[in-house]
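Single-letter residue listing:
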Amino acid sequence: EKTGIANNASIHPTAKIGSDVYIGDFVFIGENAIIGDNTKIYPNASVGDNVQIGHNTTLYSGVNIYADNVIGNFCTIHSGVVIGGDGFGFAPQDDNIYKKVIQSGNVVIEDNVEIGANTTIDRATLGSTIIRKGVKLDNLIQIAHNVEIGENTVIASQTGISGSTHIGRNCMIAGQVGFVGHITIADEVKIGAQSGISSDILEKGAVVLGSPAFEVNKYKRSFVLFKNLPKITARLNFLEKQLIQKKNDE
């Protein structure tokens, strides 16, 4: 396993670096950052001021951790991940110009979390965006400000979660799912690919599909009808014409 600190790494004198770490070429570590034992930070990664990273965590090349964020133990963060960028907060003004809302919170990532390449997790407007222990995130996922994702939930690629949505424990979320903001998803919910989640899912263990999403078996039955809708419409039109003709004949 790699250990040692590259000569051309930039580490602020106030940063606290644990034992048996690896810090690669051109890594930046800011003021008062804390890096735990056995943690590995690969070349060209950036760790901002006041960031705390636990032990046995790995940051691959090109990871950017903005200031004030917290990352737990035994985490794996793949290349291109950005943690703690500003949440998407803008207030419309009378002149139709949008004024930026200060994003002063942070991101807290608990233990045993894995985050795939080019995924982004925004800092909270106030408080924290929270990724609970055991969460597994695929590549290319967007998690907005003040989102909370419960323990051991897994999320596939290209899913986007809008601000202040809370997702429960042990959920399974397929690719390209879109969540509106300020909703709650219960524990153990399963959501099929390309679903649109526009309201709360409060039933534990619910399985949903579609956009807007609803119960998966109802969706499948509805989809059969939807595929045949042109034929059904033509048949109804034919029957309607027959009824009109029959009435006229009478």
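All residue numbers refer to positions counted from 1 along the written sequence of the respective chain. Side-chain atom pairs in this predicted model are given and counted only at pLDDT of 80 or more, local residue features only at pLDDT of at least 70, and totals for whole chains, interfaces and linings cover all residues. The basis for every side-chain value is the complete set of non-hydrogen atoms in the structure, without hydrogens or water.

Q: A description of the pairing of strand β17 (residues 106–109) should follow, citing residues and the corresponding values.
A: Bridging between strand β12 (residues 70–71) and β17 involves 2 bridges; their strand directions are parallel. The residue of β17 that forms the bridge with V70 is V108. For two strands to be treated as a pair, DSSP must find at least two bridges joining them. Starting at the N terminus, helices and strands are each numbered in turn, a helix being any DSSP run of H or I of at least four residues and a strand any DSSP run of E of at least two. Pairing geometry for β17 and strand β20 (residues 128–131), over 4 bridges, is parallel. The residue bridging N106 from the neighbouring strand is S128, located in β20.

Q: Describe the sheet that holds β20, and please don't skip the residues or the numbers.
A: Strand-to-strand pairing in sheets goes through backbone hydrogen bonds, with the strands running parallel or antiparallel. Sheet architecture is open: 9 strands sit in the order β3-β6-β9-β12-β17-β20-β23-β26-β29, paired in parallel fashion. The strands lining the two open edges of the sheet, one partner per strand, are β3 (16–17) and β29 (184–185). Sheet topology places strand β23 (residues 148–149) next to strand β26 (residues 166–167); 2 bridges connect them, and they run parallel. Residue pairing in the sheet places E148 in a bridge with H166 of β26.

Q: Outline the environment of A91, supporting the account with residue identities and numerical values.
A: Its location among the elements puts A91 in strand β15 (residues 90–92). Only protein chains enter the calculation, and the probe is 1.4 Å; a residue is then buried if its accessible area is under 20% of its type maximum, exposed if over 50%, and partly exposed in between. Classification of A91 as partly exposed rests on a relative accessible area of 27%. With 68 residues separating them in the primary sequence, A91 and T159 have C-alpha atoms 25 Å apart.

Q: Would you mind going over the nonpolar core in detail, with residue names and values included?
A: Here the nonpolar core consists of buried residues drawn from Ala, Val, Leu, Ile, Met, Phe, Trp, Tyr and Cys, with membership extended through side-chain atoms lying within 4.5 Å. Counting residues in each nonpolar core, the largest one holds 50 residues, and the members touching the most others are I109 and F179. In this structure, F179 is in contact with T159, G160, I161, S162, T165, I167, I173, I185, I191 and I197, ignoring residues within four places of it in sequence. We call two residues in contact when some of their heavy atoms are within 4.5 Å.

Q: Lay out the packing of helix α1 (residues 216–227) against helix α2 (residues 229–249) with the relevant residues and their values.
A: Note on definitions: angles span 0 to 180 degrees between N-to-C directions of axes, and those axes are lines fitted to C-alpha atoms, for helices only across the stretch in contact. α2 packs onto α1 with a crossing angle of 60° between their chain directions and a minimal axis gap of 4 Å. The pairing of α1 with α2 is recorded here as oblique in orientation. Counted together, L225, F226 and K227 of α1 and L229, P230 and I232 of α2 form the full contact between these two elements. Here the residues of the contact of α1 with α2 are counted per class, giving 5 nonpolar, no polar and 1 charged. An angle below 35 degrees is treated as roughly parallel, one above 145 as roughly antiparallel, one from 65 to 115 as roughly perpendicular, and anything else as oblique. Put simply, Ala, Val, Leu, Ile, Met, Phe, Trp, Tyr, Cys and Pro go in the nonpolar bin, Asp, Glu, Lys and Arg in the charged bin, and everything else, Gly too, in the polar bin.

Q: Residue-level account of the sheet that holds strand β13 (residues 76–77), with values.
A: The 12 strands lie next to each other as β1-β4-β7-β10-β13-β18-β21-β24-β27-β30-β32-β33, forming an open sheet whose pairing is mixed. Only two strands of the sheet have a single partner each, and these edge strands are β1 (4–5) and β33 (214–215).

Q: Go over the pattern of salt bridges with me, naming the residues and quoting the values.
A: Basic side-chain nitrogens of Lys or Arg form a salt bridge, by our definition, when they fall within 4 Å of a carboxyl oxygen of Asp or Glu. Applying the stated criterion to the full structure yields 5 salt bridges. One salt bridge connects K100 with D86, and the closest N-O pair in it is separated by 3.0 Å. Taken together, the residues span a long stretch of sequence, with K100 in strand β16 (residues 98–100) and D86 in the loop between β14 (82–85) and β15 at a distance of 14 residues. According to the relative accessible area criterion, K100 is partly exposed, its value standing at 40%. Residue classification places D86 among the partly exposed residues on the basis of a relative accessible area of 39%. Each member of the salt-bridge network shares a partner with another, and the members are E110, R132 and E148.

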